[in-house]
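# Structural overview for review
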Amino acid sequence: MYLDFLSKFGVSGAHPGGIKLTKQIFENERINKFSHILDVGCGTGQTSAYLAARYGAKVTGMDFNPIMVEKAKNRMTKYQLPVEIIQGSIEKCPLPDSKYDIIIAESVLSFVNKPRALKEIFRLLKYDGRLIANELTINRRLGSNYEEEIKQFYGLDSILMEKDWITLFEQVDFKNIKTFLRKQSILQNDSLPEFQYSEYIEPELYKIMQQHFNLMVKYQGTLDYRVFICTK
Ligand SMILES: C[S@@+](CC[C@H](N)C(=O)[O-])C[C@H]1O[C@@H](n2cnc3c(N)ncnc32)[C@H](O)[C@@H]1O
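Criteria and thresholds
Residues numbered from 1 in each chain as written. Predicted model: local features only at pLDDT ≥ 70, side-chain atom pairs only at ≥ 80, totals over all residues. Heavy atoms only, no water. Core = buried A, V, L, I, M, F, W, Y, C linked by side-chain atoms within 4.5 Å. Buried < 20%, exposed > 50% of the residue type's maximum accessible area, 1.4 Å probe, protein only. Helix = DSSP H or I, 4+ residues; strand = E, 2+ residues; numbered from the N terminus. Contact = heavy atoms within 4.5 Å. Axes fitted to C-alpha atoms, helices over the stretch in contact; angles between N-to-C directions. Parallel < 35°, antiparallel > 145°, perpendicular 65-115°, else oblique. Left-handed = near helix turned anticlockwise from the far one by under 90°. Nonpolar A, V, L, I, M, F, W, Y, C, P; charged D, E, K, R; others polar. Pairing = 2+ DSSP bridges. Phe/Tyr/Trp six-rings, centres within 6.5 Å; stacked < 30°, edge-to-face > 60°. Lys NZ or Arg CZ within 6 Å of the ring centre and 35° of its normal.

Note on soluble globular proteins: their nonpolar side chains tend to be buried together. If you look at the biggest cluster of nonpolar residues, it comprises 29 residues, and the most contacted ones within it are Ile 90, Ile 103, Leu 109, Leu 131 and Phe 174. Breaking this core down by element, the ones donating at least two residues are β1 (36-40), β4 (100-106), α5 (114-124), β5 (125-138), α7 (162-171) and β7 (223-231). It is α5 that contributes the most residues to this core, five residues altogether. Contacts of Ile 90, omitting those with residues within four sequence positions, involve Val 40, Met 62, Val 112, Arg 116, Ala 117, Glu 120, Ile 121 and Leu 124. Within the second largest apolar cluster, 26 residues are counted, among which are Ile 19, Tyr 50, Ile 104 and Ile 132.

Closest axis-to-axis distance for the helix α1 (residues 2-9)/helix α4 (residues 66-78) pair is 9 Å, and the angle between their directions is 25°. One way to sum up the angle between α1 and α4 is to call them roughly parallel. Crossing of α1 against α4: the hand is left-handed. Taken together, the residues of α4 that come into contact with α1 (itself represented by Leu 6, Ser 7, Lys 8 and Phe 9) are Ile 67, Met 68 and Lys 71. Among the residues forming the contact of α1 with α4, the class breakdown is four nonpolar, one polar and two charged.

What follows concerns the sheet that holds strand β3 (residues 84-87). With respect to topology, seven strands assemble into an open sheet ordered β3-β2-β1-β4-β5-β7-β6, the strand pairing being mixed. Bordering the open sheet on either side are β3 and β6 (175-180), each of which pairs with just one other strand. Across this sheet, the average inter-strand angle for adjacent strands is 20°, counted without regard to direction.

Turning our attention to the packing of aromatic side chains. Taken as a whole and assessed by the stated rule, the structure comprises 16 aromatic pairs. Between Phe 195 and Tyr 197, the ring centres sit 5.5 Å apart and the planes meet at 5°, which makes this aromatic pair stacked. These aromatic residues form a ring-pair network of at least three members: Tyr 2, Phe 5, Phe 9, Phe 111, Phe 153, Tyr 154, Phe 195, Tyr 197 and Tyr 206. Above the ring of Tyr 55, the side-chain terminus of Arg 54 is found at 4.6 Å from the ring centroid.

With that settled, the discussion passes to the environment of Thr 22. Of note, Thr 22 is situated in helix α2 (residues 18-27). In this structure, the C-alpha to C-alpha distance between Thr 22 and Tyr 50, residues 28 residues apart in sequence, is 9.3 Å. Excluding anything up to four places from it in sequence, Thr 22 contacts His 15, Thr 47 and Glu 106.

Another aspect to go through is helix α3 (residues 46-55). A large share of α3 lies buried, amounting to eight of its ten residues. Listing the buried residues of α3 in full gives Gln 46, Thr 47, Ser 48, Ala 49, Tyr 50, Leu 51, Ala 52 and Tyr 55. In this structure, the buried residues of α3 make contact with α2, β1, β2 (58-63), α4 and β4. Looking one or two residues beyond α3, the residue adopting positive phi is Gly 56, at roughly 65°.

Now the structure itself:
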């Protein structure tokens, strides 16, 4: 239901730090018009559009959700950007081996089968290519009832601490795993999200939005995020 809320409201920059953090991260990457970038779980395509417009990079955005795919395609048409948008799952995706210099996953891996998705990402990256992932973390283990509440609401199969993410990256053979911890809490976001509303929005999705904010407040300080950068 949480992902339905995001897609029907067409929330862009639906990751901690929003597009502002995305821009900061990419300032430190070497990207140009020859770079192949895959934006996994691209949502409405805000990051994909930015990378194509700012760097002229060859960008593919992929999302599982058909509503997101349609909204991302609309964005590329509106801004006349040559970004390829495809529907697919990062757990098993229809793209060739060793194609991408960079794969970005902004608040996506938390929602999928993580080992399977990481294996796919590793396969899709060129040798020396980089995965950039901005993902939900928990700063300390909570009681199982509390963790269950978070997992059920967001539809997660697990909720990981920073060290658990690192273990997963290592298991897939990623190297040079770096973690960026930001001082800003998950609730602070100085990039205003944009919305692309669907014509019909089920009334219960408004409640989902409210519950999402309630959970963010309830678990403030515990529910957190990290940006991980690692190399194939
Ligand atoms: C929290 S949203 C983030 C969207 C976008 N990255 C952003 O920052 O605005 C998570 C996105 O992951 C997509 N997603 C979920 N499971 C996926 C999968 N198996 N493969 C690809 N995308 C998936 C959802 O449809 C949704 O668009």
